[in-house]
Number of protein chains: 2
Amino acid sequence: MNKEQNILIIGAGLCGSLLALRLAQRGYKVAVYESRPDLRITDISAGRSINLALSDRGFKALRLAGVEEQAKAICIPMYGRLMHDKQGATFASNYSGREGEYINSISRGDLNGILLTEAEKHQNVSIYFNKKCVDIDIENTVATFEDYTSKQEFTVNADVIFGTDGAGSVLRKSYYLDRKFLFSYSQNYLSHGYKELEIPAAANGAHQISKDHLHIWPRGDYMLIALPNLDGSFTVTLFLSYDDGEYNFNNLTSKETITRFFEKEFPDALALIPNIKDEFFNNPTGALGTVKCSPWSYQNNTLLMGDAAHAIVPFYGQGMNASFEDVTVFDEILDGGLESWEAVFKAFEKLRKQDTDAIADLAIDNFHEMKDHVANPLFKQKRKIEMDLEKTFPSDYFSKYSMVTFNEEIGYEQAMKIGRAQDKALLNLIADEAVSTSLEMTKEELKIVLDKIQQETNEILNEDKIAGL
Amino acid sequence: MNKEQNILIIGAGLCGSLLALRLAQRGYKVAVYESRPDLRITDISAGRSINLALSDRGFKALRLAGVEEQAKAICIPMYGRLMHDKQGATFASNYSGREGEYINSISRGDLNGILLTEAEKHQNVSIYFNKKCVDIDIENTVATFEDYTSKQEFTVNADVIFGTDGAGSVLRKSYYLDRKFLFSYSQNYLSHGYKELEIPAAANGAHQISKDHLHIWPRGDYMLIALPNLDGSFTVTLFLSYDDGEYNFNNLTSKETITRFFEKEFPDALALIPNIKDEFFNNPTGALGTVKCSPWSYQNNTLLMGDAAHAIVPFYGQGMNASFEDVTVFDEILDGGLESWEAVFKAFEKLRKQDTDAIADLAIDNFHEMKDHVANPLFKQKRKIEMDLEKTFPSDYFSKYSMVTFNEEIGYEQAMKIGRAQDKALLNLIADEAVSTSLEMTKEELKIVLDKIQQETNEILNEDKIAGL
């Protein structure tokens, strides 16, 4: 496509800024408009997703854009989950049995800042902050913005518009309301919301609990999690129903009930969150929604990417990774030499949508896994066997979690399909006592388990195929 | 609830008119506003879903309202599918192996007329036509209408508002746009649209093809179907992709290509559709969408019912039946003596939503079954065995189709869950040659098949349960 065209990117979040950087590297002229202030100057994160999990799919995209090492420098590796029971006892469960496979806690703002700074180094990129998009004319590729300071509206006329404006995308909304084409669209909320709290650093600046883990306090109907920050603090998130159960966001309205709830359910965490009452009342309660839609593009004119096209719940730690992978996939399509933006956009969605649909579903599955299953004996036996298999047969066994998180060459949809069949096979083999669950298996014993899982997995996949005709 | 309250129903279609009738029978004061003219006076059906399939769930609701016999008088029984191949050869496949189980072709307009007339017999019901709802204030239960003739707007103040205003519901749209609560919402379109055509009656008024069947011309990627009308005609519907394949709605733009397409794919049907070219160009191309949402209600004020809450694609012949069943279920909840509309509305959704979600998914499955699987040898063997089992063991075997269509005491969700497992069991038993598929099995041989299916089905359900922890 003609590189003299004016490309407009709406939204300079993680996806928009990486896309701007990559398009600039490819020689395109890019203008980026962002509704919020420049987060390198102003702290705008209060109470909302301060840190995120970065893993292999995200790194692949960052590598493509030449910023992997800068990102790695601000990562805190998390090698596994550390579960906390009501008595404060803990047990660990690794994310992988292989060496060098772990996820990383990273500050959303710091990573976004790296991407903005790198993008701005390119002469063909301009980034404008405090310009809120209020309308997009997709027929004429004209976007209307409101300036935060002056409150004046102005329009920007582009040749192509990319909507990387997040879960509440204005571009997506115009697809829905303009009715120029049949627009399949879904927004689905979980029954639970979330609230962010903080475990501050110790007086000497150290982390007060293990910084090598993602901490989970699984309680069946709800949970608390904590991810480490570089400054020694942890960002803690409570996931709780709005309406249901003895304790919920609707009835946790007094300092007394909040304290009673935490004392009963999360006493060890409570002891580490000094400002819990203020934070509970001052921080917003966030909603947990999944957005899917199609088509993502309109003619040669516009394309949705990242959360704007496929917002997911945070429980697989894949939201940012999936958005970054969008950029990788889009870049591959650009390499293909298609002759129009329309062809590029359609090829992108065709290649990508099944995978973003899959990670959306997997993320909801993981909500139930994290708050509930991780404490289930059958699930624990399964994870123990999987870790032993990955350690003993590192080239032959990949858990669903490993396929999703550490195997960026497998698409999410394939990882979901094989991973779910494999989980079903292994759980049923354990339940039927058809495999050994002894704590110390020999390599030979493990090989028998591996063969049985593979045979059962193939059978499950084959039976599903026949049932689908 | 207080029967002096003013109940406002938006939409006098099939669901709204049955609801009005039933609420009137229970003593409520009901006003119904409908955007279209009175269909008993004006023909407004041109080219859109003239006839529908009525079956047991629908009859149960009509019985409750005392209008079952009136409906039966205008029904045409369809005992099975009649498949037409490209050479015009046909083969039949019954809907059930039991006596007296069949579906019925019925005119949407005639049935709607019966319900309107019955409702209007009640002094406590008023029905207003040509009043288009343009806005609903869900906080104050005030609806704004535009009069079709005068174009004047006016408002109606009610105590409770029921939105039975179909797939494009204004009430549902106000839930989405008002953002008073987290509203989960999806609209999903199939890649295919539909076009209605007509096989007229013979000169002597007779049906030109069997009126005892639902006719299908399955062609894998697309299909034609036909349902009989009382006047000897058939309503024919072409289901075809908008964009994909050699022939699609986007490229069937000349009389020549339409003729070539039908000559090649549906020669026997073409010979019976004299006005195909005019109808193809003059009738609209309809979209096929599924709508799911939650919550259906707002406080004590408003409730969505029927297509407004859960629009589905037509391939299971259950759209009208599901909407009528809404009225049955709602009536049962009213019998429960709950103390507020809010409690009634919440109980209704809690009992009902999983079932309407299920029929939506089943209806999409049946799209693929009708256009493709019905011509698949494995599928044909399966249906043959199922018919033999239902005939020989009428109290012990129920196909998925029978559970959905003829067993109104089983919810859709249960029918889907058991039916899918049973289909998977039977298809795999046939594929593995683990059951006899000989055309004439003895009762003893069939009993062996039945036992194997039941055992496999239970195993599948149990394995799924373990996999879900």
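Definitions and limits used
- Residues numbered from 1 in each chain as written.
- Chains lettered and ligands numbered in written order.
- Predicted model: local features only at pLDDT ≥ 70, side-chain atom pairs only at ≥ 80, totals over all residues.
- Heavy atoms only, no water.
- Helix = DSSP H or I, 4+ residues; strand = E, 2+ residues; numbered from the N terminus.
- Rg over C-alpha atoms; globule rule 2.2 N^0.38 Å.
- Buried < 20%, exposed > 50% of the residue type's maximum accessible area, 1.4 Å probe, protein only.
- Pairing = 2+ DSSP bridges.
- Axes fitted to C-alpha atoms, helices over the stretch in contact; angles between N-to-C directions.
- Parallel < 35°, antiparallel > 145°, perpendicular 65-115°, else oblique.
- Left-handed = near helix turned anticlockwise from the far one by under 90°.
- Contact = heavy atoms within 4.5 Å.
- Nonpolar A, V, L, I, M, F, W, Y, C, P; charged D, E, K, R; others polar.
- Buried area = accessible area lost by both parts, 1.4 Å probe.
- Salt bridge = Lys/Arg side-chain N within 4 Å of Asp/Glu carboxyl O.
- Polar contact = N/O pair within 3.5 Å; in protein donor to acceptor, adjacent residues only side chain to side chain.
- Domains from an automatic or database assignment.
- UniProt positions renumbered as here; feature names shortened; annotations may be inferred.
- Phe/Tyr/Trp six-rings, centres within 6.5 Å; stacked < 30°, edge-to-face > 60°.
- Lys NZ or Arg CZ within 6 Å of the ring centre and 35° of its normal.
- Least-squares fit on C-alpha atoms with pLDDT ≥ 70 in both.
- Patch = residues over 30% accessible without salt bridge, like charges linked within 9 Å, V, L, I, M, F, W, Y side chains within 5 Å.
- Areas by Shrake-Rupley, 256 points an atom, 1.4 Å probe, with all protein chains shown as cover.
- Lys, Arg positive; Asp, Glu negative; His and termini not counted.
- Charge placed at Lys NZ, Arg CZ, Asp CG, Glu CD.
- Expected span 1.5 Å × (residues − 1).

1. Some words on the overall build of chain A
Okay, so step 1: Within chain A, the secondary structure is distributed over 15 helices and 19 strands.
Okay, so step 2: Against the globule reference of 23 Å for 469 residues, chain A gives a C-alpha radius of gyration of 23 Å, in line with a compact fold.
Okay, so step 3: Dimensions of chain A, computed from C-alpha atoms along their principal axes, come out at roughly 65 × 55 × 40 Å.
Okay, so step 4: Across the 469 residues that make up chain A, the buried fraction comes to 55%.

2. Some details on the sheet that holds strand β2 (residues 29-33) of chain B
Residues and elements named next belong to chain B.
Okay, so step 1: Strands sit in the order β8-β2-β1-β12-β19-β18 across an open sheet of 6 strands; the sheet is mixed. Both outer strands of the open sheet, β8 (125-128) and β18 (297-298), are each paired with one neighbouring strand and no more.
Okay, so step 2: Pairing between β2 and β8: 4 bridges, direction parallel. Residue A31 lies in a different strand from β8, and its bridge partner there is S126.

3. Some words on the environment of E459 of chain B
Okay, so step 1: Looking at the secondary structure, you find E459 of chain B in helix α15 (residues 443-467).
Okay, so step 2: Along the primary structure E459 of chain B and A421 of chain B are separated by 38 residues, whereas in three dimensions their C-alpha atoms are 9.0 Å apart.

4. With respect to the packing of helix α1 (residues 14-25) of chain B against helix α4 (residues 108-120) of chain B
Helix-helix packing is characterised by the crossing angle of the two axes and by the distance between the axes.
Residues and elements named next belong to chain B.
Okay, so step 1: Where α1 meets α4, the axes come as close as 8 Å, and the angle between the chain directions of the two elements is 25 degrees. Between α1 and α4, the angle falls in the class roughly parallel. For α1 against α4, the interelement crossing comes out left-handed. Across the interface between the two elements, L14, S17, L18 and L21 from α1 touch R108, L111, N112, L115, L116, E118 and A119 from α4.
Okay, so step 2: When the residues that make up the contact of α1 with α4 are grouped by side-chain class, the tally is 7 nonpolar, 2 polar and 2 charged.

5. Looking at the interface of chain A and chain B
Okay, so step 1: Counting residues at the interface gives 27 residues for chain A and 26 residues for chain B.
Okay, so step 2: Of the roughly 2600 Å² buried between chain A and chain B on both sides combined, carbon and sulfur atoms contribute 61%.
Okay, so step 3: By the criterion of area lost to chain B, the three top residues of chain A are Y176, L182 and L469 of chain A, representing 24% of everything that side buries.
Okay, so step 4: Applying the counting rule to chain A against chain B returns 2 salt bridges.
Okay, so step 5: Between K424 of chain B and D464 of chain A there is a salt bridge, and its shortest N-O distance comes to 2.6 Å.
Okay, so step 6: Remark: the boundary between chain A and chain B carries 10 residue pairs in polar contact (both at pLDDT 80 or more).
Okay, so step 7: Taken together, the elements giving at least two residues each to the side of chain A that touches chain B come down to α5 (170-178), β13 (184-199), α12 (377-392), α14 (412-431) and α15 (443-467) of chain A.
Okay, so step 8: It is β13 of chain A that contributes the most residues to the side of chain A that touches chain B, 6 residues altogether.

6. A short note on the domain arrangement of chain A
All names here are of chain A.
Okay, so step 1: Each domain of chain A was delimited in the assignment, giving domain 1 (6-44 + 56-74 + 108-187 + 290-367) and domain 2 (376-467).
Okay, so step 2: Summarising the inter-unit geometry, the C-alpha centres of domain 1 and domain 2 are found 36 Å apart.
Okay, so step 3: In this complex, domain 1 contributes 16 residues to the contact, which on the side of domain 2 involves 16 residues.
Okay, so step 4: Of the roughly 1500 Å² buried at the junction of domain 1 and domain 2 (both faces included), carbon and sulfur atoms supply 50%.
Okay, so step 5: Among the residues of domain 1 in contact with domain 2, D56, R57 and Y316 are the three that bury the most area, contributing 41% of the side total.

7. Here we look at the UniProt feature "coiled-coil region" (unreviewed entry) in chain A
Okay, so step 1: Summarizing the sequence annotation, UniProt attributes the feature "coiled-coil region" (unreviewed entry) to residues 436-463 of chain A in the numbering used throughout.
Okay, so step 2: As annotated, residues 436-463 of chain A has a helix share of 75% and a strand share of 0%, and its two end C-alpha atoms lie 25 Å apart.

8. Thoughts on unusual backbone geometry
Excluding glycine, residues mostly carry a negative phi; peptide bonds, for their part, are mostly trans.
Residue and element names in this part refer to chain A.
Okay, so step 1: Put simply, S294 and P295 share a cis peptide bond, and its omega is 0 degrees.
Okay, so step 2: For Q299, which is not a glycine, the phi torsion comes out positive at approximately 50 degrees.
Okay, so step 3: When you line up the elements, Q299 lands in the loop between β18 (297-298) and β19 (302-304).
Okay, so step 4: Of note, E433 is a non-glycine position whose phi angle comes to about 55 degrees, a positive value.
Okay, so step 5: Within the secondary structure layout, E433 lies in the loop between α14 and α15.

9. What to know about the packing of helix α12 (residues 377-392) of chain B against α15 of chain B
Residue and element names in this part refer to chain B.
Okay, so step 1: Where α12 meets α15, the axes come as close as 10 Å, and the angle between the chain directions of the two elements is 110 degrees. On the basis of their axis angle, the class for α12 and α15 is roughly perpendicular. Each of I385, D388, L389 and T392 in α12 lies in contact with α15, whose residues at this interface are K443, L446, V449, L450 and I453.
Okay, so step 2: Split by residue class, the contact of α12 with α15 holds 6 nonpolar, 1 polar and 2 charged.

10. Concerning the packing of aromatic side chains
Okay, so step 1: Going through the model one piece at a time under the given rule, you end up with 69 aromatic pairs over all chains.
Okay, so step 2: Geometrically, the ring pair formed by Y175 of chain A and F181 of chain A is edge-to-face, given 5.3 Å between the ring centres and 75 degrees between the ring planes.
Okay, so step 3: Between F162 of chain B and F330 of chain B the ring centres are 5.5 Å apart and the planes differ by 90 degrees, which places this aromatic pair in the edge-to-face class. Here the residue F162 of chain B occupies a position in strand β12 (residues 160-163), and F330 of chain B occupies one in helix α10 (residues 319-335), the gap between them amounting to 168 residues. Taken as a pair, F162 of chain B and F330 of chain B share a single burial class, namely buried.
Okay, so step 4: The structure contains a cluster of three or more aromatic residues connected by ring pairs, namely Y175, Y176, F181, F183, Y185 and Y298 of chain A together with Y175, Y176, F181, F183, Y185 and Y298 of chain B.
Okay, so step 5: One Lys or Arg, K371 of chain A, reaches over the ring of F367 of chain A and ends 5.0 Å from the middle of that ring.
Okay, so step 6: The ring centre of F91 of chain A lies 4.0 Å from the NZ or CZ of K380 of chain A, which sits over that ring.

11. Topic: the relation of the copies chain A and chain B
Okay, so step 1: Note on the identical chains: chain A maps onto chain B by a rotation of 180 degrees and an axial translation of 0.0 Å, with an RMSD of 0.0 Å. Both chain copies can therefore be described as sitting about a two-fold axis. Ranked by how close their C-alpha atoms come to the rotation axis, the residues of chain A are headed by S186 of chain A, at 1.9 Å.
Okay, so step 2: By residue overlap, the copies meet face to face through one surface: 96% of the interface positions of chain A are interface positions in chain B.

12. Describing a negative patch on the surface
Residues and elements named next belong to chain A.
Okay, so step 1: A grouping of D221, D243, D244 and D372 is seen on the molecular surface, where their side chains present a negatively charged patch.
Okay, so step 2: Tracing the chain through its elements places D372 in the loop between α11 (341-371) and α12.
Okay, so step 3: For D372, a relative accessible area of 36% translates into the label partly exposed.

13. Some words on α4 of chain B
All names here are of chain B.
Okay, so step 1: Between its terminal C-alpha atoms α4 stretches 18 Å, which fits the 18 Å expected from 13 residues at 1.5 Å a residue.
Okay, so step 2: Within α4, the full set of buried residues consists of L111, N112, G113, I114, L115, L116, E118 and A119.
Okay, so step 3: Residues of α4 that are buried make contact with α1, α2 (56-64), α3 (68-72), β7 (103-107), β8 and α10.

14. Quick notes on the side chain of E34 of chain A
Okay, so step 1: Relative to the assigned elements, E34 of chain A resides in the loop between β2 (29-33) and β3 (51-54).
Okay, so step 2: E34 of chain A gets classed as buried once you look at its relative accessible area, which sits at 5%.

15. Brief notes about the pattern of salt bridges
When the charged atoms of two side chains lie near each other, side chains of opposite charge can form a pair.
Residues and elements named next belong to chain A.
Okay, so step 1: Applying the stated criterion across every chain, the model contains 68 salt bridges over all chains.
Okay, so step 2: R36 is the partner of E34 in a salt bridge, and the nearest nitrogen-oxygen pair spans 3.0 Å.
Okay, so step 3: Taken together, the shared-partner salt bridges in this structure form one network comprising K86, R219, E246, K264 and E265.

16. A look at α2 of chain B
Okay, so step 1: Where α2 of chain B is concerned, the buried positions are R57, G58, F59, A61 and L62 of chain B.
Okay, so step 2: The positive-phi residue at the C-terminal boundary of α2 of chain B is G66 of chain B, with phi of around 75 degrees.

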